[in-house]
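Each chain, written out:
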Amino acid sequence: MTNPSDGNPHRSNMNIGIIGAGNVGGALGTRWARGGHQVTFGVRDPKGADVQALIQKAGSGKAATLAEAAKAGDVLLLSTPWPATQEVVKSLGNLSGKLLIDATNPVKPDLSGLELGTNTSAGEQVAKWATGAHVVKAFNTVGSNVMERSDFGAAKAVMFYCGDDAGAKKTVHGLVEELGFDGHDAGPLTQARLLEPFALLWISLAFAQKYGRDIAFQFLRR
């Protein structure tokens, strides 16, 4: 298999490690597994009933510890609750050269705001912890239900991503569009300072403003 950062957005059969198989990791891992990728769901208890049910739903894939999933994957999806993220990343071992998609949001427990913002971001913190990894922020601006079912009729929901490695971003672009999203490069990893508040807007509209979770944003230009 060629390097996942080789710039080809339409590669297939990648080895993808899902770090945290909750709602987001479960939704994305299931869809990528169904699309033909080799998916390893990294969890604290690989023999647990929840992850075994997830593998059955996905139709393929396997369960492993978090560190084993990180080792197995050329592409990793980080989808952990923010309070646990630093500890999890530090437990994964050597991530040098790995493409790490950061789908986390540093949301406060009551959803009232972000723990980080303005002069840094969760994406940048993850990059500091994951020494040597090519970190791309993506899959953080809609709920897991939209990731599971991205169809909005004729319209496509936008999925912005950002990072500092051009090849890694091209690979992520392919994974984004493979799931039916309209992928757009938002720039360097510092743009996560904007994408994470953008996620908070989705959360606020869905819950506080009672629009419900079946919402997404569309990117228009002329």
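Here is a short report on the structure shown in this document.

**Let's talk about the nonpolar core**
Next, step 1: Membership of the largest hydrophobic core comes to 67 residues, with the highest contact counts inside it found for Ile19, Trp32, Ile101 and Phe139.
Next, step 2: The element that contributes the greatest number of residues to this core is helix α8 (residues 192-208), accounting for six residues.
Next, step 3: Apart from the residues lying within four places of it in its own chain, the contact partners of Trp32 are Ile16, Ile18, His37, Val39, Leu77, Ile101, Phe139, Leu175, Glu178 and Leu179.

**Some points on the pattern of salt bridges**
Next, step 1: Summed over all chains, the structure comprises five salt bridges.
Next, step 2: In this structure, the salt-bridge partner of Lys137 is Asp102, at a minimum N-O distance of 2.8 Å. With a gap of 35 residues between them, Lys137 in strand β6 (residues 134-137) and Asp102 in strand β5 (residues 99-102) connect regions that are remote in the sequence.
Next, step 3: A relative accessible area of 0% places Lys137 in the buried class.
Next, step 4: Two residues, Arg193 and Glu124, come together in a salt bridge whose shortest N-O distance is 2.8 Å. One end of the pair, Arg193, is in helix α8; the other, Glu124, is in helix α5 (residues 122-129), with 69 residues separating them in the sequence.
Next, step 5: Each of Asp102, Lys137 and Glu196 takes part in a single network of salt bridges with overlapping partners.

**Quick word on the environment of Val136**
Next, step 1: One can find Val136 in strand β6.
Next, step 2: Taking the relative accessible area as the measure of exposure, Val136 reaches 1% and is therefore buried.
Next, step 3: For the pair Val136 and Ala53, spaced 83 residues apart in sequence, the C-alpha to C-alpha distance is 29 Å.

**Description of the pairing of strand β9 (residues 158-163)**
Next, step 1: Most of β9 sits inside the fold, with six of its six residues counted as buried.
Next, step 2: Side chains Val158, Phe160 and Cys162 of β9 all project onto a buried face; the interleaved residues Met159, Tyr161 and Gly163 project onto the opposite face, where all are buried too.
Next, step 3: Here two bridges tie β6 to β9, and the two strands are oriented antiparallel to one another. Bridged to Val136 within β9 is Gly163.
Next, step 4: In this fold, the crossover linking β9 to strand β10 (residues 182-185) by way of helix α7 (residues 166-178) has right-handed handedness.

**Notes on the sheet that holds β5**
Next, step 1: Strand order across the open sheet formed by eight strands is β3-β2-β1-β4-β5-β6-β9-β10, with mixed pairing between neighbours. For this open sheet the edge positions go to β3 (62-64) and β10, each flanked by a neighbour on one side alone. Pairwise comparison of adjacent strand axes, ignoring direction, gives a mean angle of 25 degrees for this sheet.
Next, step 2: Against the sheet, helix α2 (residues 49-58) makes contact with β2 (38-42) and β3, and its axis sits at roughly 150 degrees relative to β3, the strand it touches most.

So, how was this worked out
Residues numbered from 1 in each chain as written. Predicted model: local features only at pLDDT ≥ 70, side-chain atom pairs only at ≥ 80, totals over all residues. Heavy atoms only, no water. Core = buried A, V, L, I, M, F, W, Y, C linked by side-chain atoms within 4.5 Å. Buried < 20%, exposed > 50% of the residue type's maximum accessible area, 1.4 Å probe, protein only. Helix = DSSP H or I, 4+ residues; strand = E, 2+ residues; numbered from the N terminus. Contact = heavy atoms within 4.5 Å. Salt bridge = Lys/Arg side-chain N within 4 Å of Asp/Glu carboxyl O. Pairing = 2+ DSSP bridges. Right-handed = clockwise from strand over helix to strand, strands pointing away. Axes fitted to C-alpha atoms, helices over the stretch in contact; angles between N-to-C directions.

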